[in-house]
Amino acid sequence: MMPDIACGRLTESQLERNFSDAHPGLTRDQAALEAERCFYCHDAPCIEACPTGIDIPRFIKAIAVDNPGGAARIILDANILGGSCARVCPTEILCEQRCVHTAIESGRPVRIGALQRHATDWQMEQDDHPFTRGEPTGKRIAVVGAGPAGLACAHRLAMRGHEVVVFDRHERPGGLNQYGVAAYKLADDFAQREVDFLMAIGGIRFEAGCSLGRDITLASLRNAYDAVFLALGLGGVRALGLDNAQNPSVIDAVAFIEALRSAPYRQARVGRRVVVIGGGNTAIDAAVQARLLGAEEVTLVYRRGTESMSATPEERDWARVNDVTIRVWARPDRLLIENGTLRGVSFLRGRPGPDGAPLYDPEAGFVLEADMVLKAIGQSLLPLSPEGEMPRVQDGRIVVTQGGRTTLPGVYAGGDCTIGADLTVVAVRDGRDAAESIHAALAGAVRNNGQDPDGKGAGSHG
Amino acid sequence: MADLGIDFAGIRAPNPFWLASAPPTDKEYNVRRAFEAGWGGVVWKTLGEDPPVVNLSSRYGGLAYGGRRLMGLNNIELISDRPLATNIAEIKRVKRAYPDRALVVSLMVPCEESRWQAILPLIEETGADGIELNFGCPHGMSERNMGAAIGQVPDYVEMVTRWCRQNTRMPVIVKLTPNVTDILQPARAARKGGADAVSLINTVQSVIGVDLDVMAPMPVVDGKGTHGGYCGPGVKPIALRMVGEIARDPAMHGIPISGMGGIGSWRDAAEFLAMGAGSLQICTAAMHYGFRIVEDLIDGLSRWMDGKEYGAVRDVTGRAVSRYVPWNALNMNFRTLARIDADRCIGCGLCHIACEDTSHQAIARQDDNGRRTYEVIGESCVGCNLCAHVCPVSDCITMEPQPCTHELTWPYHPSNPNRIVA
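Residue numbers restart at each chain and count upward from 1, following the sequence in its written direction. All chains are assigned letters beginning at A, and all ligands numbers beginning at 1, according to the order in which they are written. Restriction of local features to residues with pLDDT of at least 70 applies here, the model being predicted, together with a cutoff of 80 or more for giving and counting side-chain atom pairs; totals for whole chains, interfaces and linings are based on all residues. To get the side-chain values, take all heavy atoms of the structure and skip hydrogens and water.

Per an unreviewed UniProt entry, chain B is named dihydrouracil dehydrogenase (NAD(+)), and its organism is Swaminathania salitolerans. In the Subunit (unreviewed entry) part of its UniProt record, chain B is described as follows: "Heterotetramer of 2 PreA and 2 PreT subunits." UniProt positions are given in the numbering used here, feature names are shortened, and annotations may be inferred rather than shown by experiment. Of the comments in the UniProt record for chain B, the one headed Sequence similarities (unreviewed entry) reads "Belongs to the dihydropyrimidine dehydrogenase family."

An unreviewed UniProt entry lists chain A under the name Oxidoreductase, with Swaminathania salitolerans as the source organism.

Spelled out as structure tokens, the structure:
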């Protein structure tokens with residue numbers, strides 16, 4: 001018997017409604033009113049809380065005085081992906097958490113994310129790109145990975161007058177924005193539109209379908225380019241560690257999301273009863289989208305307590321609003337498979353042990369019937385191809401120092417493949433800062449009459 | 001319960017809240033609605049001679065600020081544009097229907113005694129309680145040598161006031177324009193001419209804004225604009241000063257003052273009373289929110305009076321006047337210091353940057369384990385109050401008066417080369 005996994009559980013119009021913008025933008029009046037709530041703090045705490053350090057009070061003030069272009073410029077100057085960050089940032093644990101309004105009105109910070117979206121949306125509706133390329137430097141930089149880190153790096157390098165080629169294994173640039181984030185967060189093809197906007201600066205070429213280690217090698221890039229920026233993301237997924245985990249009904253949540261974002265929603269396959277394992281935002285995104293595709297029952301199961309989940313309280317509320325059941329303190333024990341068909345998952349109940357680590361009771365458990373299991377238990381760095389010199393990797397991440405320098409001269413890295421919070425906004429900062437650091441190094445090399453500060457001769461390749 | 005009833009220059013009203021002469025009091029329909037809503041009186045929109053004036057389309061300009069689309073208005077409307085007989089008939093009917101309310105009629109005719117002699121009996125015949133001479137309208141009518149054109153020349157003020165005083169038994173209230181250098185000159189002239197009371201302020205001459213697409217002042221009338229009269233909360237400080245100036249002037253002692261200019265709440269009302277007003281006029285707030293605001297004005301004022309144990313409006317009138325003094329009479333030994341309540345502080349830094357950039361560098365920022373705190377540097381603080389004003393949290397920054405042994409004013413101050421030596 002076949003598992004109950006199917007596409008087209010809902011009508012086209014239901015799907016369209018379900019995957020439309022989850023939180024539509026503010027109108028001009030709404031934005032003006034909200035902007036006026038900002039106290040225009042000096043040395044504002046919200047700025048400190050933003051990984052890209054956007055001058056938030058200034059851009060909000062600009063919105064308040066009907067200068068959306070000025071507001072957008074302030075945002076994009078610090079964060080060229082300010083549009084998608086406005087949509088996907090967990091502002092409740094970043095800028096908005098630190099908004100001083102929360103000290104007066106608990107739970108009512110200035111809606112910084114919504115205001116940022118308002119300004120950046122305005123900018124994207126204009127015909128012009130707000131930045132211009134610097135004088136051509138004649139330098140060429142390879143960026144591997146067209147996600148937020150790679151794109152932010154490419155744009156800043158273009159601004160500084162360099163030529164950039166961005167390689168990515170996918171057909172479209174955007175990385176997780178294009179393939180990994182829930183569709184309703186970046187509705188109306190926003191990821192692609194933002195990439196188009198970013199690329200409009202010129203000087204950036206996108207090479208689709210290029211995998212590092214398969215189509216290109218780090219050594220060849222180092223030879224052909226003046227610098228390389230690795231923004232590889234985390235391409236691997238952790239294993240469930242259960243028997244039969246390779247059953248076709250057991251799917252990586254990232255692959256599930258990528259599939260539904262790569263084709264019309266009516267072609268996305270989903271089980272009637274879905275169990276999602278994991279406690280992060282990817283787990284939530286997968287669970288909610290499974291519901292929105294028409295799954296009747298979606299249960300998200302996490303091995304520890306709610307407070308340990310990396311999904312924010314807002315994300316968890318969003319899941320509950322969408323009728324996702326969240327169960328905690330349970331570990332998958334066995335995949336129940338009959339004649340090759342997934343029937344369910346049995347779980348062991350757990351509780352916090354004396355040292356904080358969970359203890360699971362082999363005698364107490366429960367079974368969830370399921371047609372599809374989505375695992376979202378974390379992603380990992382794909383092993384770098386062993387051929388040639390590779391930058392140092394530690395604890396599954398590429399080691400970098402200030403400005404994204406790896407252990408290899410001329411090779412920089414940033415975003416999820418390096419240590420740090422796995423947030424879009426952090427990736428953007430990494431890319432931007434690495435670009436500045438590459439630019440400084442290349443400019444220094446020019447100034448020092450061909451002496452590369454990394455000790456590598458400039459002009460020896462290309 | 002406090003008694004809100006007033007007797008203002010012989011005009012009685014159940015409460016001190018009158019609608020000022022303006023569009024809300026243009027006709028019977030509106031005035032009846034106002035009285036039904038509870039207003040103590042109205043000053044009927046200014047009557048002139050027939051043929052009536054003609055008003056324009058596009059009459060108001062609005063001032064937006066801080067997220068509010070309207071916090072002040074300017075208008076370029078003229079006086080009543082209805083035939084005199086229509087107004088007279090309506091005034092008569094309304095006064096008969098609401099005998100307990102104050103009904104004052106605003107007047108403006110050309111500067112000739114015969115013209116005033118002609119109109120006064122018509123008003124008297126309506127049974128109206130008094131007249132208000134519109135010497136204040138700063139736009140349009142002033143170009144025709146009426147309104148502020150009279151109010152800005154004390155001799156004219158005195159002359160026309162006298163004509164009216166001599167030709168009617170009704171109380172004469174003279175409405176003053178703020179568009180003068182010294183408000184006491186026209187005020188004293190009014191009294192010399194026999195005014196029973198003064199009312200102020202009329203609107204402030206203004207250009208409310210410029211339409212940057214049309215490149216013309218607003219409100220734009222077919223591509224052009226003119227100056228208007230500004231009113232609303234923004235003019236309250238100007239009005240309070242002028243009311244107080246008159247109230248404390250020995251030459252004006254005891255004259256009833258009808259105070260107006262930006263009154264929107266019971267607190268504004270109480271402040272005008274304290275600075276010397278015996279009745280209050282309101283327009284902009286009613287134009288913004290409707291006549292219902294009078295209920296809150298009455299309720300708020302009477303609750304406040306009860307709390308302070310003021311039995312009647314006259315107990316409040318002029319309460320602050322003796323303490324409204326020239327700068328030279330202020331105590332230079334007085335010192336007040338800012339104190340920041342760290343528990344209430346939300347860390348916005350506005351006090352710090354205001355003091356650092358624009359005052360006396362008397363607020364230091366500290367980082368207390370990631371939580372920013374601010375502290376006043378006592379020896380640098382001059383007690384200017386700026387920090388307390390910019391702080392968005394009430395009672396977070398308080399100004400604390402320091403002990404002071406004796407009073408020292410500038411005339412006696414050692415730094416004053418012309419000091420008075422005892």
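That shown, we press on.
Draft legend 1. Region of interest: the domain arrangement of chain B. Domain extents, as shown, originate in an automatic or database domain assignment. Domain boundaries in chain B define domain 1 (6-323) and domain 2 (328-401). Taken over C-alpha atoms, the centre of domain 1 of chain B sits 40 Å from the centre of domain 2 of chain B.

Draft legend 2. Quick look at the domain arrangement of chain A. All names here are of chain A. Along its sequence, chain A is carved into domain 1 (25-124), domain 2 (140-235 + 381-447) and domain 3 (239-375). Summarising the inter-unit geometry, the C-alpha centres of domain 2 and domain 3 are found 31 Å apart. Should any heavy atoms of two residues lie within 4.5 Å, those residues are counted as being in contact. Contacts between domain 2 and domain 3 engage 13 residues on the former and 11 residues on the latter. Accessible area that two parts lose when put together, evaluated with a 1.4 Å probe and summed over both, is termed the buried area. For the pair domain 2 and domain 3, the two sides together bury roughly 1,000 Å², of which 43% comes from carbon and sulfur.

Draft legend 3. Highlighting the pattern of salt bridges. Residue and element names in this part refer to chain B. For salt bridges, the criterion is a side-chain nitrogen of Lys or Arg within 4 Å of an Asp or Glu carboxyl oxygen. Tallied over the entire structure, the rule returns 54 salt bridges over all chains. Close ionic contact of Glu28 with Arg32 constitutes a salt bridge, the shortest N to O distance being 2.9 Å. Placement of both Glu28 and Arg32 in helix H1 (residues 28-37) is noted, with a separation of 4 residues, approximately one turn of the helix. Buried residues are those whose accessible area, probed at 1.4 Å on protein chains only, stays under 20% of the maximum for their type, while exposed residues exceed 50% and partly exposed ones sit between those limits. Overall, Glu28 belongs to the buried group, its relative accessible area being 12%. Lys236 is paired through a salt bridge with Glu271; the nearest N and O atoms lie 2.7 Å apart. One end of the pair, Lys236, is in helix H7 (residues 236-247); the other, Glu271, is in helix H8 (residues 266-274), and 35 residues separate them in sequence. A run of H or I in DSSP becomes a helix once it reaches four residues, and a run of E becomes a strand once it reaches two; helices and strands are each numbered from the N terminus.

Draft legend 4. Looking closely at the interface of chain A and chain B. Counting residues at the interface gives 14 residues for chain A, matched by 14 residues for chain B. Interface of chain A and chain B: buried area, both sides summed, is about 1,000 Å²; carbon and sulfur atoms make up 60% of it. Three residues, A:Glu36, A:Phe39 and A:His42, lead the burial of chain A against chain B; their summed loss comes to 46% of the area buried on that side. The tally of links from chain A across to chain B stands at 3 salt bridges. Across the pair B:Arg365 and A:Glu48 runs a salt bridge whose closest N-O atoms are separated by 3.9 Å.

Draft legend 5. Structural context of the packing of H7(B) against H8(B). All names here are of chain B. Axis geometry follows a simple rule: fit a line to the C-alpha atoms, using only the stretch in contact for helices, then measure angles between N-to-C directions, giving values from 0 to 180 degrees. The geometry of H7 relative to H8 is characterised by a closest axis approach of 9 Å and an angle of 25° between their N-to-C directions. Compared by their axis directions, H7 and H8 come out roughly parallel. Residues Lys236, Ala239, Leu240 and Val243 of H7 lie in contact with H8, whose contacting residues are Asp268, Glu271 and Phe272. Throughout, the ten residues Ala, Val, Leu, Ile, Met, Phe, Trp, Tyr, Cys and Pro are labelled nonpolar, Asp, Glu, Lys and Arg are labelled charged, and all others, Gly among them, are labelled polar. Of the residues assigned to the contact of H7 with H8, the class counts are 4 nonpolar, no polar and 3 charged. Roughly parallel refers to an angle under 35 degrees, roughly antiparallel to one over 145, roughly perpendicular to one between 65 and 115, and oblique to any angle outside these ranges.

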